[in-house]
Amino acid sequence: MLTSLWHHLSAHRKKQFLSLLVLMTVASLAEIISVGSVLPFLGILTAPEMVFEHPMMGPLIQLLEVKEAKQLMLPLTIIFIIATLLAGIIRLTLLYVMTRLSFATGADLSIKIYRNTLYQEYLKHAERNSSEVIAGIINKTNTVTGGVISPILILVSSFFLLLGIMSALFIINLKVALATFIGLGLLYWAVISLTRQQLKENSQTIADNTTIVVKSLQEGLGGIRDVLIDGSQQFYCKLYRKADLPLRRAAGNNVFIGGSPRYLMEALGMILIAALAYSLTKQDNGSTSTIAILGALALGAQRLLPVLQHSYSAYTSINASKSSFQDVLDLLDQPLPLHATQAKIKPIAFEKYIELNNLSFSYTKDSKWELNDINLRIKKGTRIGFMGLTGSGKSTLIDIIMGLIPPVDGELCIDGQSITNENRKSWQAHIAHVPQNIYLSDSTLEENIAFGVPKDQINHQLVEKVVKQAQIANLIDQLEDGYQAFVGERGVRLSGGQRQRIGIARALYKEANVLVFDEATSSLDNETEQAVMDSIEALDQDLTILIIAHRLTTLKWCDTIIKLSQNNEIQVLNYKDL
């Protein structure tokens, strides 16, 4: 799993992680100096003559031209203070860099998941619940950031710090340091063995319920009008509670499992220090000469215990986040289509016909044919209506024409050129889509018309032009803020007809020459629908317009009407025939 994560990091991030290893090595060396400086410092306070006569002090004595032991007290005190401050500053710097790098990496992963998801095929989006993706992009990526990336960095840095501390302790007293390290290590290993299964179960609980929590929020808030009318608040509260409570309980258990050994280890550390002090005082050279050694070992243990605890907490965090980590990796592994890396798509030629040749489609191998052996030719610049009973395949046929889904058999051709995965985006550059439910963001009218275009790149003259073509100029003129008026979330401040006209204006802003209206007026009353259809009918005659509708009146201005039946037969008619 970690190898897979490494492959998803950018070259820049990889360099930063490798540079971090250098900082960890420096921190380890600083710990050796910090712990090692304790021994001479305490020695000069308790047994100055022994320190003065020690061979390792020779270079310092010569450098400072010291004549007696007492003269070493100030230099060794200064060295101890500097070493301690230096180790603290380096560890603080290491913490800052690790935190910044882990959260920056989390942002990279979240952005990459979102990008990969947006580029997936339409059928992929139709097959899965959006709450699964949202939970992965937001919640589970946060879990990976705080539960995997940061802990991994803590583990690695703890290893380097542990190496430095133990090196210093081994120099001071090999046997005692080795016994202490092995004893504490065995205790942590026992705790890990006892809690491994619980962490695995908690990990799965958190991953599963994170998706359910997002789903319950989407459903409750997304259908708030029906929730308020039906009085079903209690139902959605229970649904949320059923998912959120186990999630937080599992997260709480993980926190307890990760932090609980600390108190046992601190008590054990104090017992070890007491036993060490007693054993050292029983030696022949007495207690005075061993105070320095005891102090150095005590400081080393004081540094060692937090490092071991941080390592254990990091380990539990990684194990507790495994399921969410796997979900995030699955989203990161989504393949990108070829056009995702293309800077600009060049439209293919469209001057004559859209053709469907022996076209068939079914959603799965075992399901019935939605469309079977369809042959159809649509001339450029014509108005084509599509009608039929629910389930007759109207929307599926339009989706194939728009290049959203590929046919199982047969082909879609534009001016004789077959549409494939390689040139599909070049065909879609000709198409603009107006659905039944127009999505409007909580931004200005102008931004909603030039949907997906950065605000500073909007062509204001083109916006004004398409607004007139869609016949909503009068509405905008009546608003105090005009084009900068906010429409409210999902366009709640606009009527159905106004939203549809904005949808038309949005399609025209794209300057596409094929407009597709997928039951765009079915939710409107007759009078509003007629006004919207008048707007459509007044559009440029060079535009190819495809429209799905249930009402016959909606299709009266169409040049040709395609009627689909549930037995996969099609009839080519005109309005008089109907």
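I will try to describe carefully the structure that is included in this document.

Parameters at a glance
- Residues numbered from 1 in each chain as written.
- Predicted model: local features only at pLDDT ≥ 70, side-chain atom pairs only at ≥ 80, totals over all residues.
- Heavy atoms only, no water.
- Helix = DSSP H or I, 4+ residues; strand = E, 2+ residues; numbered from the N terminus.
- Buried < 20%, exposed > 50% of the residue type's maximum accessible area, 1.4 Å probe, protein only.
- Pairing = 2+ DSSP bridges.
- Contact = heavy atoms within 4.5 Å.
- Axes fitted to C-alpha atoms, helices over the stretch in contact; angles between N-to-C directions.
- Parallel < 35°, antiparallel > 145°, perpendicular 65-115°, else oblique.
- Left-handed = near helix turned anticlockwise from the far one by under 90°.

1. A closer look at unusual backbone geometry
Item 1. Of note, Asp373 is a non-glycine position whose phi angle comes to about 55 degrees, a positive value.
Item 2. Mapped onto the elements of the fold, Asp373 is located in strand E2 (residues 371-379).
Item 3. Taking the relative accessible area as the measure of exposure, Asp373 reaches 46% and is therefore partly exposed.
Item 4. Not every positive phi belongs to a glycine, and Glu511 is a case in point at roughly 60 degrees.
Item 5. Inspection of the secondary structure puts Glu511 in the loop between helix H20 (496-509) and strand E7 (514-518).
Item 6. On the accessibility criterion, Glu511 (59% relative accessible area) is exposed.

2. A short note on the sheet that holds strand E4 (residues 409-414)
Item 1. Ordered in space as E2-E1-E4-E5, the four strands form an open sheet in which the pairing is antiparallel. The sheet is open, and its two edges are formed by E2 and strand E5 (417-418), each paired on a single side.
Item 2. When E4 meets E5, the two strands line up antiparallel, connected through two bridges. In the strand pairing of E5, Cys413 is matched with Ser418.
Item 3. Its contacts with the sheet place helix H15 (residues 394-401) against strand E1 (353-361), E2 and E4, and it is angled at close to 125 degrees to E1.

3. Here's the deal with the sheet that holds strand E9 (residues 560-564)
Item 1. Read across the open sheet, the six strands follow the order E6-E7-E8-E3-E9-E10; overall the sheet is mixed. Only two strands of the sheet have a single partner each, and these edge strands are strand E6 (431-434) and strand E10 (570-573). Within this sheet the neighbouring strands show an average axis-to-axis angle of 15 degrees, counted without direction.
Item 2. The sheet contact formed by E7 and strand E8 (residues 544-548) spans five bridges and is parallel. What sits directly across from Val514, in E8, is Thr544.
Item 3. Relative to strand E3 (residues 383-388), H15 is tilted by about 145 degrees, and along the sheet it contacts E3, E6, E7, E8 and E9.
Item 4. The strands touched by H20 are E6 and E7; relative to E6, the strand with the most contacts, the crossing angle is about 175 degrees.

4. A short note on the packing of helix H18 (residues 460-469) against H20
Item 1. In contact at an axis separation of 8 Å, H18 and H20 are set at 130 degrees when each is read in the N-to-C sense. Classified by the interaxial angle, the pair formed by H18 and H20 is oblique. As H18 packs across H20, the resulting crossing turns out to be right-handed. Two secondary-structure elements touch here, H18 through Leu462, Val463, Val466 and Gln469 and H20 through Ala505, Leu508 and Tyr509.

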